Amino acid sequence: DEEEYLDEMRRDINDFYFSQGISCNIDTFSRAELLIYELEEKAYYDIYLLDIEMPQINGLELAHYIRQ
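Residues numbered from 1 in each chain as written. Predicted model: local features only at pLDDT ≥ 70, side-chain atom pairs only at ≥ 80, totals over all residues. Heavy atoms only, no water.

A. Molecular detail of the overall build of the protein chain. Helix and strand counts for the protein chain come out as three helices and zero strands. Listing every helix and strand of the protein chain by position from the N terminus yields α-α-α. Its C-alpha atoms put the protein chain at 35 × 25 × 15 Å along the principal axes. For the protein chain, the proportion of its 68 residues judged to be buried stands at 13%. Excluding contacts between residues fewer than 6 apart, the proportion of contacts in the protein chain whose partners are at least 24 apart in sequence is 38%. Of the roughly 5800 Å² that the protein chain leaves accessible, carbon and sulfur atoms contribute 48%. Distance from the positive charge centre (5 side chains) to the negative charge centre (17 side chains) of the protein chain: 5 Å. (Helix = DSSP H or I, 4+ residues; strand = E, 2+ residues; numbered from the N terminus. Buried < 20%, exposed > 50% of the residue type's maximum accessible area, 1.4 Å probe, protein only. Contact = heavy atoms within 4.5 Å. Areas by Shrake-Rupley, 256 points an atom, 1.4 Å probe, with all protein chains shown as cover. Lys, Arg positive; Asp, Glu negative; His and termini not counted. Charge placed at Lys NZ, Arg CZ, Asp CG, Glu CD.)

Set out below in structure tokens:
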């Protein structure tokens, strides 16, 4: 949920995949509600990395929502 940490994670993941010759798209969300909105609009993601401690909805509740 912290923008600075999200940017660092995005760079690290993107650098790793680039070094492997794999193209990827990475979306980050500073709030769980933003991800939920994208999912309701039929967005699909192969991998979810969730923070457990987030305001409003914690990562475990968000994981439960995603699995539904």
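B. Highlighting helix H1 (residues 3-19). Across its 17 residues, H1 extends 24 Å between first and last C-alpha, which sits within 8% of the 24 Å expected from 1.5 Å per residue. Just past H1, the residue glycine 21 takes up positive phi, approximately 75 degrees. (Expected span 1.5 Å × (residues − 1).)

C. Main features of the pattern of salt bridges. Per the stated rule, a full pass over the model turns up two salt bridges. As a salt-bridge pair, aspartate 7 and arginine 10 come within 3.1 Å of each other at their nearest N and O atoms. Separated by three residues within a single helix, aspartate 7 and arginine 10 lie in helix H1, roughly one turn from each other. On the accessibility criterion, arginine 10 (30% relative accessible area) is partly exposed. Salt-bridge contacts for arginine 31 lead to glutamate 33; the nearest nitrogen and oxygen are separated by 3.6 Å. Given the relative accessible area of 46%, arginine 31 is considered partly exposed. The exposure class assigned to glutamate 33 is partly exposed, which follows from its relative accessible area of 28%. (Salt bridge = Lys/Arg side-chain N within 4 Å of Asp/Glu carboxyl O.)

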